[in-house]
Amino acid sequence: MKRQASKPSKRMLSSSHLERAVVRRFTFFLASVCPLTTTCLVPSPSFIPSHRYRSGIGRCQQQRRRFGVASLHDMQGLMQTQPSSLCAETDIHMAMDEKNETNNLLDTNNIMSVNQTAFVDAIEEIVAKRNVLRDFRKSDQDLEQTKQSLIGMFSISNLPPCSVSDFLPPSTNGVKGYTKQKLQERRELYLDKTNLTLDQHKLGTVLLAHLADHCAKTSNPKPLYAAWDNILSAGMTPLSRTLSTYLYVLSLDGDVDSEERDIAAEVAMLHDALYEPTEKTVSLLVKSLVARGDAAGAEALLDGIADGSLSELLRHRTTSPILQLHCENGDIGSALRLYHRMRTTSRVKMDDLTYSNFIAAVAENGYFLPDSKDVEGGKDLGYESVSGPKLLDALIAEMAQDVLDISEESAQILQKGFALGFQGMECAANSLDPLTSLCGNEVMVANRVAVDHDTGKCPATNATLRLIVLEPEQRVHVHDTLLEMARAKSMDYTAKLAAKGRVTHDHVEKAELATKILKDFSDWLDCREGRPYTAIVDGANVAYFGWGKVNVHQLNLMVEALKKQGEDPLVVFPQKYTRRKFHLRQGMMQVLQDEELEILDKLKENDQMYVVPPMCLDDMYWMLASVSNQTSSTNGSSIDVAKNNEEGRFPGLRPIVISNDKMRDHKDELLDEREFRRWACSHIVNYNFTEFIEDQRDEREISFHAADIFSDEIQGNECPDGAVAWHFPVSGWDANERFCLRLPSADGN
């Protein structure tokens with residue numbers, strides 16, 4: 001994570017403020033640094049938060065590390081016992097920064113002026129539209145006084161300074177209602193100093209709530225910086241919804257330095273002290289701690305919610321910033337521990353970038369080298385090997401369970417991490433240009449390769465990629481999922497027809513009937529006697545191919561070609577196309593000839609065609625047929641076809657599905673992506689017809705080819721030398737290109 005140059009525009013939020021951010025439960029105590037002083041969050045023109053102040057905080061943090069301070073109370077004790085050394089070192093640091101003070105103050109003045117101007121303009125705009133806001137049905141005098149108290153806040157010099165920490169409980173065992181009580185005390189002080197009434201104060205709270213909505217609509221966070229100071233100074237108690245809107249709008253500000261005052265974190269802390277924490281507030285507090293390099297404090301915050309009623313707040317965005325900080329610090333032991341925790345927490349969904357950054361960090365720190373030291377604590381997490389190639393295999397195998405492919409950014413991250421980790425050794429990891437020649441066993445490979453489409457062989461490692469098929473339990477799951485989803489699909493389909501006036505009866509009843517018919521089809525496949533079907537033909541797809549209308553002769557040619565190859569085909573065909581006359585599309589009719597109707601009748605008589613009834617989706621039928629066990633007809637025997645079989649049949653699982661359908665309608669709706677990919681690559685067989693010369697009845701050559709020769713997912717395969725080569729599909733690359741990762745052999749032979 002890049003650290004940007006410091007901008008002295010806002011006072012820095014010290015980590016002590018964050019240590020009190022874990023809501024009303026306060027189940028842990030963040031080890032952090034206390035501020036040297038409490039500074040006004042609502043400054044007058046004469047007060048500018050300076051670089052000198054932040055330097056003092058930084059020096060205090062150094063002193064905390066120097067003296068081993070573990071808590072806020074320890075820090076307070078240190079301040080009493082070590083005042084001279086702290087002040088002396090801080091004064092020296094202040095003197096060194098004196099040269100840059102003038103420019104820093106000017107920058108801060110400019111930013112504060114911009115934010116205040118934006119705040120005033122926004123308030124004026126909202127008040128001008130008060131006739132449409134029922135909340136402002138007050139007297140003009142009340143509204144004007146309230147407005148002036150807000151936009152003139154920076155001129156009030158007799159109001160004591162405050163910060164968000166003044167409203168948070170002083171210890172982890174904070175008294176319930178502490179924050180509301182402190183806000184009330186501040187509100188009373190504010191009313192006393194400003195001579196506003198309680199109703200006017202409430203009106204100000206409402207006005208700043210509308211400001212949040214206004215800023216959300218305009219995507220402008222600038223007015224909220226001044227608004228937040230008003231909220232604190234006036235002791236307002238915003239609604240949870242208002243604070244959530246503040247957080248959303250502040251997240252739109254991309255120009256925030258990690259060394260600046262973290263307003264979003266302050267909002268999150270006040271929210272969590274008043275209301276139940278949310279994933280958003282916890283994430284902000286974690287990120288604020290991480291931005292200041294406090295990985296231990298961030299993990300302590302997570303520990304405080306992990307086992308309680310707030311455990312559901314553990315998500316990827318609340319944990320991944322801490323993992324990234326551990327990796328940047330080279331603390332791989334802590335990173336592995338947190339990584340394992342993330343993987344075993346069901347609510348944390350790991351993505352390819354998280355895996356790639358973590359694995360690259362392990363590589364960069366040398367833990368995949370053959371003679372590497374063990375990762376501390378790895379054995380306790382259940383890893384058999386905690387260093388070297390076997391650790392890499394274990395981590396990528398875990399990644400492959402959650403991730404199917406990676407982005408090019410992830411490929412670059414992996415390549416850089418392994419190149420740094422294997423410096424001094426021969427590496428093929430200089431760019432992402434495809435490797436075309438074989439790399440020796442002593443070479444570490446982390447590069448792009450083009451896998452041979454016909455053989456699945458990697459040119460750099462000689463490893464052969466394989467086709468990963470559905471496992472038996474996955475096959476059953478696909479079958480059952482299709483049946484479960486049939487009703488929802490049928491409901492959508494019949495509802496659309498009903499909207500067009502093409503369904504005369506209750507479409508819900510029609511959908512239920514369609515679901516029952518599909519279940520009957522599944523039972524029929526499972527119980528029928530005779531030879532099992534080994535090829536399921538998507539009849540509509542084949543009949544339409546290359547024509548734009550139904551070509552029954554072409555469909556018959558497909559059946560005959562499959563029979564010649566030793567297959568037992570079943571054509572799944574919509575009933576609509578078996579009639580003599582039917583609509584192809586709006587304004588176009590097709591009429592079948594007697595010869596074509598005879599072909600269809602013959603296919604039905606030979607049990608080579610299943611006619612899908614009206615109101616049913618034929619896609620569901622041929623998909624379901626491909627994963628049917630056909631228990632009675634197979635009699636428990638496998639009908640799959642081996643490679644290089646003597647009959648010359650198309651190798652692979654059976655039944656195959658003959659279709660050129662890209663399955664765009666079902667890819668994301670019906671099946672888990674991994675199951676869909678495995679189903680498609682192991683069952684779908686594409687085809688092509690040569691063009692006819694004179695008559696569409698003429699026999700033509702049909703070519704078949706599998707949709708995939710090797711699976712489109714992360715996989716590891718053994719190389720001839722015994723090493724394991726991992727291949728990652730990369731989004732945006734060609735279908736046969738992979739990011740290849742292989743460690744060198746220990747002996748180089």
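Calculation rules
Residues numbered from 1 in each chain as written. Predicted model: local features only at pLDDT ≥ 70, side-chain atom pairs only at ≥ 80, totals over all residues. Heavy atoms only, no water. Helix = DSSP H or I, 4+ residues; strand = E, 2+ residues; numbered from the N terminus. Expected span 1.5 Å × (residues − 1). Buried < 20%, exposed > 50% of the residue type's maximum accessible area, 1.4 Å probe, protein only. Axes fitted to C-alpha atoms, helices over the stretch in contact; angles between N-to-C directions. Parallel < 35°, antiparallel > 145°, perpendicular 65-115°, else oblique. Left-handed = near helix turned anticlockwise from the far one by under 90°. Contact = heavy atoms within 4.5 Å. Nonpolar A, V, L, I, M, F, W, Y, C, P; charged D, E, K, R; others polar. Salt bridge = Lys/Arg side-chain N within 4 Å of Asp/Glu carboxyl O. Polar contact = N/O pair within 3.5 Å; in protein donor to acceptor, adjacent residues only side chain to side chain. Phe/Tyr/Trp six-rings, centres within 6.5 Å; stacked < 30°, edge-to-face > 60°. Lys NZ or Arg CZ within 6 Å of the ring centre and 35° of its normal. Pairing = 2+ DSSP bridges.

K.L.:
Can you lay out helix 12 (residues 279–291) for me, pointing to particular residues and giving the numbers?
P.N.:
Each α-helix winds once per 3.6 residues, and so residues spaced three or four apart point in a common direction. Helix length check: helix 12 (13 residues) gives 18 Å between terminal C-alpha atoms against 18 Å at 1.5 Å per residue, within 8%. Among the 13 residues that make up helix 12, 10 are buried, leaving the element largely enclosed by the rest of the structure. All of the buried residues in helix 12 are T281, V282, S283, L284, L285, V286, S288, L289, V290 and A291. In the stretch just after helix 12, G293 is the one whose phi turns positive, near 75°.

K.L.:
Talk me through the packing of helix 10 (residues 240–250) against helix 11 (residues 263–274); I want residue IDs and the actual numbers.
P.N.:
Here helix 10 crosses helix 11 at 160°, and the two axes come no closer than 10 Å. It follows that helix 10 is roughly antiparallel to helix 11 by the angle criterion. For helix 10 against helix 11, the interelement crossing comes out left-handed. Where helix 10 abuts helix 11, its residues S240, L243, S244, Y246, L247 and L250 lie against I263, A264, V267, A268 and H271. For the contact of helix 10 with helix 11, a count of residues per class yields eight nonpolar, three polar and no charged.

K.L.:
So, the pattern of salt bridges: which residues are in play, and what are the values?
P.N.:
A complete count under the given rule lists 27 salt bridges for this structure. Here R448 ties to E737 by a salt bridge, and the two come within 2.8 Å at their closest N and O atoms. On the criterion of sequence distance, the pair formed by R448 in strand 2 (residues 444–450) and E737 in strand 13 (residues 737–742) is long-range, its members being 289 residues apart. For the pair R448 and E737, a shared accessibility class is recorded, and that class is buried.

K.L.:
Can you tell me about the side chain of R654, naming the residues and giving the values?
P.N.:
Within the secondary structure, R654 sits in the loop between helix 25 (631–634) and strand 8 (656–658). Within the structure, the side chain of R654 is placed 2.3 Å from the backbone oxygen of F650, a separation counted as a polar contact. In contact with R654, other than residues within four places in its own chain, are R475, T534, E567, I639, D640, V641 and R649.

K.L.:
I'd like a description of unusual backbone geometry, backed by residues and values.
P.N.:
Residue P655 follows R654 across a cis peptide bond; omega there is 0°. Note on placement: P655 falls in the loop between helix 25 and strand 8. Despite not being glycine, N195 has its phi angle at roughly 65°, a positive value. Considering the arrangement of structural elements, one finds N195 in the loop between helix 7 (178–194) and helix 8 (198–218). A positive phi angle, close to 55°, is found at N635, a residue other than glycine.

K.L.:
I'd like to hear about the packing of aromatic side chains, residue by residue, with values.
P.N.:
Across all of its chains, the model carries 18 aromatic pairs by this definition. Measuring from centroid to centroid gives 6.0 Å for F676 and W679, while their planes differ by 45°, and the two rings are tilted. Taken together, the positions of F676 and W679, both in helix 26 (residues 673–683) and three residues apart, correspond to about one turn of that helix. Judged on exposure class, the residue F676 and its partner W679 are both buried. Ring plane angle 80° and centroid distance 5.9 Å describe the contact between Y687 and F689, whose orientation is recorded as edge-to-face. Overall, Y687 belongs to the buried group, its relative accessible area being 2%. Looking at F689, the relative accessible area reads 7%, which means it is buried. One aromatic cluster is present, formed by F521, W524, Y533, Y610 and Y621 through successive ring pairs. When the ring centre of W733 is taken as origin, the NZ or CZ atom of R448, which lies over that ring, is 4.0 Å away. Of note, R528 hangs over the ring of W524, and the distance from its end group to the ring centre comes to 5.8 Å.

K.L.:
Outline helix 14 (residues 316–328), supporting the account with residue identities and numerical values.
P.N.:
For helix 14, spanning 13 residues, the distance from its first C-alpha to its last is 18 Å, which sits close to the expected 18 Å at 1.5 Å a residue. Counting buried positions along helix 14 gives 10 out of 13 residues, so the element sits mostly inside the fold. The positive-phi residue at the C-terminal boundary of helix 14 is G330, with phi of around 75°.

K.L.:
Just give me the short version of the sheet that holds strand 1 (residues 427–428), but keep the residues and values in it.
P.N.:
One open sheet holds the five strands; their spatial order is 1-2-13-12-11, and the pairing between them is mixed. Looking at the sheet topology across the chains shown, the edges are occupied by strand 1 and strand 11 (715–718). By the bridge criterion, two bridges tie strand 1 to strand 2 in an arrangement that is parallel. Of the residues in strand 2, the one forming a bridge with A428 is V445. Across the face of the sheet, helix 17 (residues 388–402) comes into contact with strand 12 (724–729) and strand 13 while running at roughly 30° to strand 12.

K.L.:
Tell me about the sheet that holds strand 9 (residues 684–689), residues and numbers included.
P.N.:
If you walk across this open sheet you meet the six strands as 7-4-3-8-9-10, and the pairing is mixed. What marks the edges here is a single partner per strand, and that holds for strand 7 (609–612) and strand 10 (702–706). Neighbour to neighbour, the strand axes of the sheet diverge by 25° on average, direction disregarded. Examined bridge by bridge, strand 3 (residues 535–538) and strand 4 (residues 569–574) share four bridges and lie parallel to one another. Counted as the bridge partner of I536 is L570 from strand 4.

K.L.:
Describe in detail the environment of S410, supporting the description with residues and values.
P.N.:
Following the sequence through the fold, S410 ends up in helix 18 (residues 408–421). Residue classification places S410 among the buried positions, given a relative accessible area of 0%. With sequence-adjacent residues up to four places away left out, S410 is seen in contact with D352, L353 and S356.

K.L.:
Got a sec to walk through the pairing of strand 9? Specific residues and values, please.
P.N.:
Counting buried positions along strand 9 yields five of six residues, so the element is predominantly enclosed. Strand direction decides the pairing type here: strand 8 and strand 9, joined by two bridges, are parallel. From the neighbouring strand, V657 faces strand 9, where its bridge partner is I684. One ladder, built from five bridges, connects strand 9 with strand 10; its direction is antiparallel. Residue pairing in the sheet places F689 in a bridge with I702 of strand 10.

K.L.:
With reference to specific residues and values, describe the environment of D452.
P.N.:
Topologically, D452 is positioned in the loop between strand 2 and helix 19 (472–499). The sequence separation of D452 and E737 amounts to 285 residues, and the corresponding C-alpha distance is 8.9 Å. One polar contact links the side chain of D452 to the main-chain amide nitrogen of D454, over a distance of 2.9 Å. Here the side chain of D452 touches T455 through a polar contact of 2.9 Å, landing on its backbone nitrogen.

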